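What follows is the residue order along each chain.
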Amino acid sequence: MKRLILTMTALMMAVYAVSAVAIVPQPQSVIEHGRAFVVRPSTVVACEAEELAPLVGYVCEYLDLYGAVKCTPRSNYIALALDKSLAEEEYSLAVSSDAVIIAAGGYGGAFNGVQTLLQLLPSKVYTKQMRLPAVVRGCDVKDKPKYAYRGFMLDVARTFMTKENVLRYIDYISYHKINKLHWHLTDNQGWRIEIKSHPDLAKVAGFRGGDSPLRAALGKWEEKYGGYYTQEDIREVVEYAAVRNVEIIPEIDLPGHSEALLRIYPEMLCNFANKDLAVNGNYDARNAICATKEGNYKILEEILAEICTLFPSHHLHIGGDEVRLTQWLQCPDCSAWLKRHGYTDGYKLEDMFINRIQAILAKYGKSPSVWNEAAFGGGLSKEALVYGWKSADVCKQVMQKGYRTIFMPQEFFYLDMRQSRHEEGRLNRRGAFDLRKTYSFDFAEQGFTVENTNLVEGFEAPFWSEIFLHNGGDKSIDYIEYMTFPRLCAVAEQGWGKNGGGEWEEFHHRLYTRHYDRMCDMGLNFRITPPEVKYEEGMLSVEKIDNSTIYYRDDSNGKVCKYKSAISTSKPAKYLFWAEYRGAKSPEVAHASRYETLKPKVKLTSSMPENPDYPFSNVGLYDVNKMRTSRTCRKGDWILFEFEEPVECREIEFWAGAYGVYARMIPKGHLELSEDGVNFERVAELDNSCVRVINPRPIKAARIVADATYIGGYEIRFSSPIIYPKW
Ligand code: ACM
Ligand code: ZN
C-alpha cells in the first residue's frame, strides 16, 4: 500500500512538472509553445502609451536594460501597449523569438503583465542583477483577475514600521498582483500620520512609554519608542505604490480603538468617571470617542479632511470594530440619545456615528470602508464597503444584509496567527492555520450562496502587529515575512480566481518548484511547509513533500544531522525535524509524543485577588488561561504554584499572561523555584509573560514575582504550568 501511495505521489509530481510555466497567481490561460525570447543588453522596451511611462522605468530597472523607445523596432524588444478592448486589469502577453508583447486594458493590466513577464524569467530578476542574456519562457498568456480587490493590511499603529519597510512590502505584494494596501495608521497604541491641524496626534501619540501619555506595549514604560509618517512620507508611499498598481487605503480607526487620539484629546471621551482605574493601575484605558459630543465631529472633520487630500483612494477606512458599547451606555449623553430615539442597542449609536462620518467624507468625495461590526445596527448605508473579519459566518450575515464585502475572516486570513500549534505567533481560540487552509478556503464548501458571493469585492489578509514586538519590533521584519509568506501567495490565488484548479498539491508544487526560488531572490524570509513526522515499529521517519533538505536535531545531545533515512529509536520525542531551502526554513516539527505533558497535583495562591469567574483552583485542570486576577499587577505581587510531590521533568514552562497572546500579563518579573517549598532560588526572568526552565532540579514549588507595576494593565491571566517528562 505504502509503495502504491509513493508511486502515486511520484506520478502526480511528474504530471505537475510537465508545465514549465508556474506562475503565482496562476493566470487564466497559458499556452506554452516553446518559442522563447532572449533578453540581451541590447533589448529595448518599446512603449507609445504615455500612461504606461512609469512601467518602462520599472521594467528597465528589473531587467537591467538601458534602452527605452517610443516606436516599436522590428525585433529584440519588449512592448508595453494599451488595448482598450480589454478590462483595466486585463492583459495579454505573447512571447516570440522577436519580442515580448504585453497589451493591457489599463495601467493595472500592464503592470500585471509585467509581473507575469518577471515570473517567466530566471528568479534572479528579483535581485535586479540577473545576468543577460536571459531566457523568457515561450508562451502566450491571457489573463485577468477574478476580483478587483486583492488586499493586504499592515498594522503600523501597534508597532511602527519604517517607511523603507513599508515600501519593501509594497514590492512584495505587488510581485503577487495584490493591488490594495490597507494601511492601519491609528489605533489604541499609536497615531502614525502627521496631521498639520492637530500636530500632537503624531508628535506625541506617535510614541509610547517613557513620558508619553500612551502606555507602552507589554508594560515597558521605561522605554519610549514609536514613530510616525510625515505628510511628505505619505505622498512618497502613495506614489511608489501607484507605480506598482497598489492603491493605499488608509484607516483611521474610529470610534473605538481610539485611545491614542483620546490621550491627546480626553475631552472627546464620554462624560462619566472611569470606575476601572483601580483595575488598570490608575490609567484611563477608555478608547471610545463620545458619539454625542458635537465638538468631536468638528475635530474629526479637520483630521479627515487632511487624510482625504493625502490619499487618492475613493475609500477611506474609518474602522467601526470592537467599539466598547458599555462606554456609551455609561455616558449620560450617549444613553440619553438612545433613549430619545427609542433604542437600547448601542449599535444604533454606532450607526449614527458612522453616518455622520460618512457625511463628512462625502464632502471630500470619499466613501467609507468599515469593519463588519458597523453593519450590525442595521443603519449602515449600502455605499459602505464592509470588511468581514470576525468569522466566515459573520461575513455571510453581512452579505445577507446586502453589503459589498471584503472577505477576510480571521480563521483563514489573519496572518499574525500561528501556522501550527507549536510555533511562534498569536494563538487564540480559533487556533492555528497554515498556507493550505488559506489556499483551500472555498465559498461553496462553507455554505455561501451565489447571491452571497456576488457581493464579494475581493480578499484581504491583515498582519496585526502587537505581538511581533516581543521579537524586536521593526527589526523583526523577518518575522512578519515568515508569517505572511507564502500565506499571502494563497491570498493572491484566491483573489485571482485559483486558476490552478484549487487542488492543494498543484498549488504547493507550483510554489516549491518555482516560487521558492523567486521568494528567495525577492529577499523574503518565507516559511516552508514542514515535513510530516511518523513513528512506526520503533522507526522515526519524515516524509519529504518538496525539494527542500531535511535536517534533525537530537535534543538530548544537541547534535544536528542531515536526514537520510528512518531513525531507530525508542524515544521519538527527542528529535526535532525541519526543512531548509536556500535561506528559508520550515518550523521545527516532532512526533506527537514530544508534546505530551505531566499533570501533577498542584495548588495556586497569589498576592492578587482572584476573579471568581476564573478561580485559582482551576490550576488543576491543566488548561490554558483558566485563572484570572481582578486587577493588574503591582511590583512585588506574586503567584505561587505548590506541587503535592516534587516534580521531575526535562522542561517546565509558565505563562503569567494570556497563553500565546502576550496580553493580560505580568510583563516584568522573575521565576523562583524551590526544592523543599521553603527556600526559593531565583532562576529566570519572564520574557513577555513566559518563562521556561530546562532540566530543573525537582520542583516542590514555583513562584512568579512581579518586578514592576503594570500601569495601564488589565487583570492578569494565568495558565497551569506546562511540564514535559524526562526523556
Ligand atoms: C479586528 O480584528 N478588530 C478588525
Ligand atoms: Zn458619550
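Here, every reference points to the structure presented above.
As a convention, each chain's residues are numbered from 1 in the sequence order in which they are written. Note on labels: chains are lettered from A, ligands numbered from 1, in written order. The predicted nature of this model means local features are confined to residues of pLDDT at least 70 and side-chain atom pairs, given and counted, to a pLDDT of 80 or more, with totals for whole chains, interfaces and linings taken over all residues. As a rule here, side-chain values cover all heavy atoms of the structure and leave hydrogens and water aside.

## What to know about the pattern of salt bridges
Put simply, the rule reads: For this analysis, a salt bridge means a side-chain nitrogen from Lys or Arg found within 4 Å of a carboxyl oxygen belonging to Asp or Glu. Where helices and strands are cited, they refer to DSSP runs of H or I of at least four residues and of E of at least two residues respectively, numbered from the N terminus. Exposure classes here rest on a 1.4 Å probe applied to the protein chains alone. A residue is buried below 20% of its type maximum, exposed above 50%, and partly exposed in between.
Considering all chains together, one arrives at 45 salt bridges under this definition. Asp 416 is the salt-bridge partner of Arg 426, the closest N and O atoms lying 2.6 Å from each other. Here Asp 416 lies in the loop between α13 (410–413) and α14 (435–440) and Arg 426 lies in the loop between α13 and α14, a separation of 10 residues in the sequence. We note that Arg 426, like Asp 416, is buried. Shared partners join several salt bridges into a network, and the residues in it are Arg 553, Asp 555, Glu 588 and Arg 594.

## Here's the deal with the packing of aromatic side chains
Short version of the rule: For Phe, Tyr and Trp, rings pair up if their centres lie within 6.5 Å, where Trp contributes its six-membered ring, and each pair is then called stacked (planes under 30 degrees apart), edge-to-face (over 60) or tilted (otherwise). Criterion for a charge above a ring: Arg CZ or Lys NZ at most 6 Å from the ring centre, at most 35 degrees from the ring normal.
In total, this model carries 48 aromatic pairs according to the counting rule given. Look at Tyr 439 and Phe 507: their rings are 4.1 Å apart centre to centre, the planes differ by 5 degrees, and that puts the pair in the stacked class. Of this pair, Tyr 439 sits in helix α14 while Phe 507 is found in helix α18 (residues 504–522), placing the two residues 68 residues apart along the sequence. In this pair, the class of Tyr 439 matches that of Phe 507, namely buried. An aromatic cluster is defined as three or more aromatic residues linked by ring pairs; in this entry it consists of Tyr 147, Phe 407, Phe 412, Phe 413, Phe 441, Phe 443, Phe 448 and Phe 459. Note that Arg 244 overlies the ring of Tyr 240, its terminal NZ or CZ placed 3.6 Å from the centroid. Lying over the aromatic face of Tyr 614, Arg 628 brings its terminal NZ or CZ to 3.6 Å of the ring centre.

## Regarding the sheet that holds strand β32 (residues 651–655)
The strands that make up a sheet pair up through hydrogen bonds in the backbone, lying either parallel or antiparallel. Spelled out, the test is: When DSSP locates at least two bridges between a pair of strands, those strands are taken to pair. Helix axes are fitted to C-alpha atoms over the stretch in contact, other axes to C-alpha atoms as well, and angles between N-to-C directions run from 0 to 180 degrees.
Read across the open sheet, the three strands follow the order β35-β32-β38; overall the sheet is antiparallel. Here the strands that pair on one side only, and so sit at the sheet edges, are β35 (690–694) and β38 (722–724). Across this sheet, the average inter-strand angle for adjacent strands is 10 degrees, counted without regard to direction. The sheet contact formed by β32 and β35 spans five bridges and is antiparallel.

## Observations regarding the coordination of the zinc ion (ligand 2)
Cut-off, in case you're wondering: As a rule, N, O and S atoms within 2.8 Å of a metal are its donors, except that Na, K and Ca use 3.2 Å; water is not among the atoms, so sites may look incomplete. Square planar and octahedral sites, with four and six donors, are those where opposite donors lie more than 155 degrees apart and all other angles lie between 65 and 115, tetrahedral sites have four donors with every angle between 85 and 135 degrees, and the rest are irregular.
Here the zinc ion (ligand 2) is held by the protein donor atoms Cys 270 (SG), Cys 290 (SG), Cys 331 (SG) and Cys 334 (SG), which lie 2.3 to 2.4 Å from it. Metal-centred angles of 102 to 121 degrees between the four donor atoms at the zinc ion (ligand 2) mark the site as tetrahedral. In the primary sequence, the donor residues of the zinc ion (ligand 2) line up as C-x19-C-x40-C-x2-C. Of this pair, Cys 270 sits in the loop between α7 (259–264) and α8 (294–310) while Cys 331 sits in the loop between α9 (325–330) and α10 (332–340), placing them 61 residues apart in sequence. Here the two residues Cys 270 and Cys 331 agree in accessibility, since each one is buried.

## Structural notes on helix α4 (residues 163–175)
Defined as follows: To estimate the expected span of a helix, count its residues, drop one, and scale the result by 1.5 Å.
Across its 13 residues, α4 extends 19 Å between first and last C-alpha, which sits within 8% of the 18 Å expected from 1.5 Å per residue. For α4, the buried fraction is high: 11 of the 13 residues fall into the buried class.

## Comments concerning the environment of Ala 384
Threshold: Every residue pair with non-hydrogen atoms within 4.5 Å of one another is taken to be in contact.
Structurally, the position occupied by Ala 384 is in the loop between β18 (367–371) and β19 (385–388). A C-alpha to C-alpha distance of 17 Å links Ala 384 and Pro 312, two positions 72 residues apart in sequence. Not counting chain neighbours up to four residues away, the residues in contact with Ala 384 comprise Pro 368, Val 370, Tyr 403 and Arg 404.

## Re the packing of helix α17 (residues 487–496) against α18
Convention followed: Should an angle lie under 35 degrees it is considered roughly parallel, over 145 roughly antiparallel, and from 65 to 115 roughly perpendicular; all remaining angles are considered oblique. By definition, turning the near helix anticlockwise from the far helix through less than a right angle yields a left-handed crossing, and turning it clockwise yields a right-handed one. All residues other than Ala, Val, Leu, Ile, Met, Phe, Trp, Tyr, Cys, Pro, Asp, Glu, Lys and Arg, Gly among them, are scored as polar; the first ten of these are nonpolar and the last four charged.
Taken N-terminus to C-terminus, the directions of α17 and α18 make an angle of 120 degrees; their axes are 12 Å apart at the nearest point. In terms of orientation, α17 lies oblique with respect to α18. In the packing of α17 onto α18, the handedness of the crossing is right-handed. Residues Cys 489, Ala 490 and Glu 493 of α17 form the contact with α18, whose own contacting residues are Phe 507, Arg 510, Leu 511, His 515 and Met 519. Its residues placed into classes, the contact of α17 with α18 shows five nonpolar, one polar and two charged.

## Observations concerning the environment of Val 69
Structurally, the position occupied by Val 69 is in strand β4 (residues 67–69). Considering only alpha carbons, one finds Val 69 and Ala 46, 23 residues apart in sequence, at a separation of 4.8 Å.

## Re the sheet that holds β18
The strand order around the closed barrel formed by eight strands is β10-β11-β16-β17-β18-β19-β20-β21, and the pairing between neighbours is parallel. Mean inter-strand twist for the sheet, computed between neighbouring axes without regard to direction, equals 30 degrees. Where strand β20 (residues 404–407) and strand β21 (residues 456–463) come together, three bridges link them in parallel fashion. In the sheet register, Phe 407 faces β21, and the bridge partner there is Phe 459. Strand contacts of α4: β10 (149–155), β11 (180–184) and β16 (247–254), with the helix running at about 150 degrees to β11, the strand carrying the most contacts.

## Things to note about unusual backbone geometry
For the bond from Leu 132 to Pro 133, the omega torsion is 5 degrees, close enough to zero to count as cis. In this structure, Pro 486 follows Phe 485 across a cis peptide bond, with omega equal to 10 degrees. With respect to the helices and strands, Pro 486 occurs in the loop between α16 (477–484) and α17.

## Quick notes on the side chain of Arg 286
Operational definition: Within 3.5 Å is the distance limit for a polar contact, defined as a pair of N or O atoms, with the added protein rule that one can donate a hydrogen and the other accept it, and that residues adjacent in sequence qualify only through two side-chain atoms.
Residue placement: Arg 286 occurs in the loop between α7 and α8. Here Arg 286 falls in the buried class, since its relative accessible area comes to 10%. At 2.9 Å, the side chain of Arg 286 forms a polar contact with the backbone oxygen of Phe 272. Looking at Arg 286, its side chain comes within polar contact range of the side chain of Asp 284, at 2.9 Å.

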